[in-house]
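Structural overview
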Protein chains: 2
Amino acid sequence: MAAEVDTTLRFSLDLKSGVPYYKQVILQVEMAIVDGRLENGDQLPTVRSLAVSLKINPNTVARAYNELEIRGIVNTQQGTGTFISDKKIELPEVEKERILSELTRPYLSNARAYGFTLEELIKHLQSMAG
Amino acid sequence: MAAEVDTTLRFSLDLKSGVPYYKQVILQVEMAIVDGRLENGDQLPTVRSLAVSLKINPNTVARAYNELEIRGIVNTQQGTGTFISDKKIELPEVEKERILSELTRPYLSNARAYGFTLEELIKHLQSMAG
DNA sequence: TATGTTGTATTAAAGTATTAGTACAATATA
DNA sequence: TATATTGTACTAATACTTTAATACAACATA
């Protein structure tokens, strides 16, 4: 029997890092999206359940989810839950292209300003997504 | 007579940006290194002179210089001044890696939230950078 | 050595960020 | 409709960040 890789989404807090709890939650969601453990439409833990398992206040989880919503990464509905946003279905091709340009342009120009080459960016993207 | 490009190092503050003054100074030094206006061994303005020209407290400039020293970007000597570190023409590798990660992570998770695949991103980057 | 230059240390004020406690509101569903 | 589930609003306590005022210390050099 082949060993299975555990791809379950687990949250944890580094209590000593000095990084605010809500930011740690944001980072963990982002990383899970980046490496594929979370996909469009997936539900995140409820603010209460995650608060219990992390032993923090529900508002702190809610704050993380709120920031993610502002950034367009999740959608939230009271009474239902918080979900990785699923915008790709709704958008026409032209619109997607425009959005991709608007996301990419500042990334590229910022990275270039710091002297990074296209090859470095691609390599970095691949290793993060890998 | 050919027009000359002014490569003088000028500091300025955006008072409304909400970005702390000392961070603005750090960014401006970093950018000047990246695009070659500052090179190995170049002296930065003294904390006092820059403080006067930016109309802020010398300690605020000193704080920026201190952070730059911690990051290995400048060397400081009391009585003499603050200089771009001799050893590194560009930013230290760790620093570059940190910056690249901070640029890439939000780009990637945003793009993923829109349903874009890694391949699409890379293709788009290549065509924009073309 | 005396003086002026450079950065540094200490402290305090003001603002901002972070978190939790408590109560509330919207939605789903039995 | 009643109830449980979901996120939200408001508030207050605490800690951290940012900046400046003032005084100090190290160094260069006349």
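Bear in mind the structure is a predicted one, so any value in this text is a computation, not a measurement.

The next thing to look at is helix α3 (residues 58-70) of chain B. All names here are of chain B. With 13 residues, α3 extends 18 Å between its outermost C-alpha atoms, agreeing within 8% with the 18 Å of an ideal straight helix rising 1.5 Å per residue. Every buried residue of α3 is listed here: Val61, Ala62, Ala64, Tyr65 and Leu68. In a view along the axis of α3, the buried residues occupy a sector of 160°, so they form one face of it. Facing away from the buried side of α3, by more than 90 degrees, are the exposed residues Asn59 and Ile70. Turning to α3, the residues buried within the fold contact α1 (21-34), α2 (47-54), β1 (74-77) and β2 (81-84). Its side-chain oxygen placed 2.8 Å from the backbone nitrogen of Asn59, Asn57 serves as the N-cap of α3. Note on α3: the residue one or two positions beyond its end, Gly72, has a positive phi of about 80°.

This next bit is on the pairing of β2(B). Residues and elements named next belong to chain B. In this structure, β1 lies alongside β2, joined through 4 bridges in antiparallel fashion. From the neighbouring strand, Thr76 faces β2, where its bridge partner is Thr82. Between the end of β1 and the start of β2, which pair antiparallel, lie 3 residues, with Gly79 showing a positive phi angle near 85°.

So, on to the protein's contact with DNA strand C. DNA strand C sits among 24 residues. The nearest are Tyr21(A), Tyr22(A), Asn59(A), Gln78(A) and Asn59(B). Near the protein, meaning within 4 Å, the atoms of DNA strand C are sugar or phosphate in a fraction of 61%, with bases accounting for the rest. In the model, a base nitrogen of DNA strand C is placed 2.3 Å from a nitrogen or oxygen of the Gln78(A) side chain. Contact distances for DNA strand C include 2.5 Å between a base nitrogen and a side-chain N or O atom of Asn59(B). Tallied by class, the residues present in the surface near DNA strand C amount to 5 nonpolar, 16 polar and 3 charged.

Contact with chain B, which involves 33 residues of that partner, is made by 41 residues of chain A. Roughly 3600 Å² of surface becomes buried between chain B and chain A when both sides are summed, with 75% attributable to carbon and sulfur atoms. Taken together, the links from chain B to chain A amount to 1 salt bridge. The residue Lys96(B) makes a salt bridge to Glu120(A) at a minimum N-O spacing of 4.0 Å. On the surface where chain B and chain A come into contact, there are 9 residue pairs in polar contact (both at pLDDT 80 or more). When contributions to the side of chain B that touches chain A are tallied by element, the ones reaching two or more residues are α1, α4 (93-113) and α5 (118-129) of chain B. Top contributing element to the side of chain B that touches chain A by residue count: α4(B), with 16 residues. Along the lines of polarity and charge, the residues of the side of chain B that touches chain A split into 20 nonpolar, 7 polar and 6 charged.

Calculation notes
Residues numbered from 1 in each chain as written. Chains lettered and ligands numbered in written order. Predicted model: local features only at pLDDT ≥ 70, side-chain atom pairs only at ≥ 80, totals over all residues. Heavy atoms only, no water. Helix = DSSP H or I, 4+ residues; strand = E, 2+ residues; numbered from the N terminus. Expected span 1.5 Å × (residues − 1). Buried < 20%, exposed > 50% of the residue type's maximum accessible area, 1.4 Å probe, protein only. Arc of directions from axis to C-beta. Contact = heavy atoms within 4.5 Å. Polar contact = N/O pair within 3.5 Å; in protein donor to acceptor, adjacent residues only side chain to side chain. Pairing = 2+ DSSP bridges. Near = heavy atom within 4 Å. Nonpolar A, V, L, I, M, F, W, Y, C, P; charged D, E, K, R; others polar. Buried area = accessible area lost by both parts, 1.4 Å probe. Salt bridge = Lys/Arg side-chain N within 4 Å of Asp/Glu carboxyl O.

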